[in-house]
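# Architecture at a glance
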Amino acid sequence: MSEHLSGVDDAQLERWAYGRATTPAEQERSGLASAELQRRAALERERAERAEAERASAEAHSRAIANGEVDDTASEHPDPWADSEHRHRRRMLATGISGLVAAALALVGGIVVLNQPNLDPLAIFERQETEADREWAQILALDPETTFTAGPRVFRDDDGIIGLVARVSTVPDGRSTAWDAYCLYVGRELGDGSLSITNECTYPEQFAASGLSVIERGSSNGDGYDTAIWGPIGDPRVEKNMALDDTIPAPSVLDLLANPLNGFEEELDALSIVDEPDRLLMGPRLANQSALIAGEPLVVQLYLLEGLTETPEPEPELCMHVSHGRPTPVTVCSPLRNAQSSGLLLQTVIADEIWTVIVDVTGTVRAEKA
């Protein structure tokens, strides 16, 4: 597969591999470019290792001749690696195992350290926390509803754009779950000395598919935009002069759940509506709605629960909690896959009338009199 891109230069391959890919064709090209970069890095490492091994072997052979330990008439030096070792290393390189870490080869005569850009978008959390990380964590912590479960970690570009990445709890008590949101922040100073922060958050499945991006500003050397990018492959970074991507991903109810709680939800004591809070993975969040029935707002909250462990294949459940004035609140839950394809529906009595409440796959509420 990578042979199709063998004539493309590294810079273009990196733009394809690490840039945002939204369409199936772009995602396929991103995968091919990443594979080609790994193939080239593997070949370069193998050449470097071979050259170092041969150099070390030659030095050892020269020392042996000088010490009278071998015959200096030998015209060929033995291969420092046996055929079985070559086959093993080729398998390692082909599968990318040695391409994901910095490799250190201890050889006679010295040590060679080999590096490749890290393809893991979460590798940034493995580095030690810096003073800048701590300072920005304090700034972001001014939002009391945000609880970090990883990071934040700061990254910068050469023009002073400051970006931050973090994983954020999506439940009111701040627990970390497998559904922690991925968040990308971009900070900028305004003319009056104040600070503006723009952020985008998403849920794990969407991050793995498309990553996150935040447009920082119009490019100074083109018609595009300088854009902060994190995921789905590679370290967080700023891409210069990117074309505006007008592809709008299909909205999902999970987009709503991936964003931090707001003050109104806190006032509602969101956690109190969940019967089994230990199973809570995301939410509750207020659904997008503006329904007013009999003079009072219809309050619809959504949340995600861990699947019941006694089922053969536990699947998260998406739940809808509906309340309106005095009537007893009503809750309905459905397996996540069903809710993502068909939405959620329940019926309740409001002002002595039967109403059907529907939440579609985007998280938008519709209420209809039965």
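Every chain begins its residue count from 1, and numbering advances along the sequence as written. Under the rules for a predicted model, residues below a pLDDT of 70 receive no local features and side-chain atom pairs below 80 are neither given nor counted, while totals for whole chains, interfaces and linings still include all residues. To get the side-chain values, all heavy atoms of the structure are used, and hydrogens and water are removed first.

## Considering the overall build of the protein
Helix and strand counts for the protein come out as eight helices and 18 strands. Three labels apply to residues, based on accessible area from a 1.4 Å probe with only protein chains included: buried if under 20% of the type maximum, exposed if over 50%, partly exposed otherwise in between. Put simply, the protein has 370 residues, and 42% of those count as buried. Intrachain contacts of the protein at a sequence separation of at least 6 include 48% that bridge at least 24 residues. Surface summary for the protein: the accessible area is close to 20000 Å², and the carbon and sulfur share equals 51%. Secondary structure elements follow DSSP: runs of H or I of four or more residues count as helices, runs of E of two or more count as strands, with numbering from the N terminus. The contact criterion used throughout is that any non-hydrogen atoms of two residues lie within 4.5 Å. Working definition of accessibility: Shrake-Rupley area with a 1.4 Å probe, residue cover restricted to the visible protein chains.

## Comments concerning the packing of aromatic side chains
Pairing of aromatic rings covers Phe, Tyr and Trp, the last through its six-membered ring, and needs centres within 6.5 Å; plane angles under 30 degrees mean stacked, over 60 mean edge-to-face, and all others mean tilted. Within the structure shown, the criterion is met by four aromatic pairs. On the numbers, 4.0 Å between centres and 5° between planes, the contact of Tyr-182 with Phe-207 is stacked. Placement of Tyr-182 in strand S5 (residues 181-189) and of Phe-207 in helix H5 (residues 204-210) is noted, with a sequence separation of 25 residues between them. Both residues of the pair, Tyr-182 and Phe-207, count as buried. The rings of Phe-125, Tyr-182, Phe-207 and Trp-230 are connected pair by pair, giving a single aromatic cluster. Two conditions define a charge sitting above a ring: the NZ of Lys or the CZ of Arg must be within 6 Å of the ring centre, and it must be within 35 degrees of the ring normal. Just above the ring of Tyr-182 sits the side chain of Arg-167; from NZ or CZ to the centre is 4.0 Å.

## Observations concerning the sheet that holds strand S18 (residues 365-369)
Ordered in space as S16-S17-S18, the three strands form an open sheet in which the pairing is antiparallel. Looking at strand neighbours, the two that pair on one side only are strand S16 (344-350) and S18, the edges of this open sheet. Averaged over all neighbouring strand pairs, the angle between strand axes comes to 25°, with direction disregarded. When DSSP finds at least two bridges between two strands, those strands are taken to pair. Throughout, an axis means a line fitted to C-alpha atoms (over the contacting stretch in the case of helices), and angles, computed between N-to-C directions, take values from 0 to 180 degrees.

## Things to note about unusual backbone geometry
Geometrically, the link from Gly-231 to Pro-232 is a cis peptide bond, its omega value of 0° lying close to zero. Tracing the backbone through its elements, the reader meets Pro-232 in the loop between strand S8 (225-230) and strand S9 (237-242). Cis geometry marks the peptide bond from Gly-283 to Pro-284, where omega comes out at -5°. Looking at where Pro-284 falls in the secondary structure, it is placed in strand S10 (residues 280-286).

## Description of a nonpolar patch on the surface
Residues enter patches when their relative accessible area tops 30% and they take part in no salt bridge; the joining distance is 9 Å for like charges and 5 Å for the nonpolar side chains Val, Leu, Ile, Met, Phe, Trp and Tyr. By salt bridge we mean one thing: a side-chain nitrogen of Lys or Arg within 4 Å of a carboxyl oxygen of Asp or Glu. A cluster of nonpolar side chains, namely Ile-139, Leu-142, Leu-195 and Ile-197, defines an oily patch on the protein surface of about 340 Å² accessible area. Mapping Leu-195 onto the fold places it in strand S6 (residues 195-202). Given a relative accessible area of 38%, Leu-195 falls into the partly exposed group.

## Some words on the nonpolar core
Put simply, a nonpolar core is a bunch of buried Ala, Val, Leu, Ile, Met, Phe, Trp, Tyr and Cys residues held in one set by side-chain atoms that sit within 4.5 Å of each other. Grouped together as the largest cluster of nonpolar side chains are 39 residues, with contacts concentrated most on Met-282, Val-300, Leu-302 and Met-320. Setting aside residues up to four positions removed in sequence, Met-320 forms contacts with Val-300, Gln-301, Leu-302, Val-330, Thr-331, Val-332, Leu-344, Leu-345, Leu-346, Val-357 and Val-359. By size, the runner-up hydrophobic cluster in this structure holds 14 residues, among which are Phe-125, Ile-161, Trp-230 and Val-238.

## Here's the deal with the sheet that holds strand S13 (residues 299-305)
Within the open sheet, the four strands sit side by side as S10-S13-S14-S15. Their pairing is antiparallel. Edge strands, defined here as strands with exactly one partner in the open sheet, are S10 and strand S15 (330-335). Looking at each pair of strands side by side, their axes are set apart by 15° on average, direction ignored. Note: S13 against strand S14 (residues 317-323), seven bridges, orientation antiparallel. Looking across to S14, one finds that Leu-302 is bridged to Met-320.

## Digging into the pattern of salt bridges
Following the criterion strictly, the structure yields eleven salt bridges and no others. For Arg-153, the salt bridge goes to Asp-133, with nearest N and O atoms at 3.8 Å. Of this pair, Arg-153 sits in strand S3 (residues 148-156) while Asp-133 sits in helix H4 (residues 131-140), placing them 20 residues apart in sequence. Accessibility classification places Arg-153 together with Asp-133 in one group, the buried group.

## Section: H4
Within the sequence span of H4, burial applies to Ala-132, Asp-133, Trp-136, Ala-137 and Leu-140. All buried residues of H4 fall inside an arc of 135° around its axis, so they share one side. What the arc describes is the spread of directions from the helix axis to the C-beta atoms.

## Some words on the pairing of S3
As defined by bridge partners, S3 adjoins strand S4 (residues 162-168) across six bridges and the pair is classed as antiparallel. Residue pairing in the sheet places Arg-156 in a bridge with Ile-162 of S4. Here S3 folds back onto S4 in antiparallel fashion, the turn holding five residues, of which Gly-160 has a positive phi close to 90°.

## Section: the state of the cysteines
Our working definition of a disulfide is a cysteine sulfur pair at a distance within 2.5 Å. What the rule picks out here adds up to two disulfides. Each disulfide pairs two cysteine sulfurs, and for Cys-319 the partner residue is Cys-333, the sulfurs being separated by 2.0 Å. Disulfide Cys-319-Cys-333: torsion about the S-S bond near 105°, hence right-handed. With Cys-319 in strand S14 and Cys-333 in strand S15, the pair connects residues that are 14 residues apart, well separated along the chain. Sequence-ordered numbering of the disulfide-bonded cysteines in the protein gives the connectivity 1-2, 3-4.

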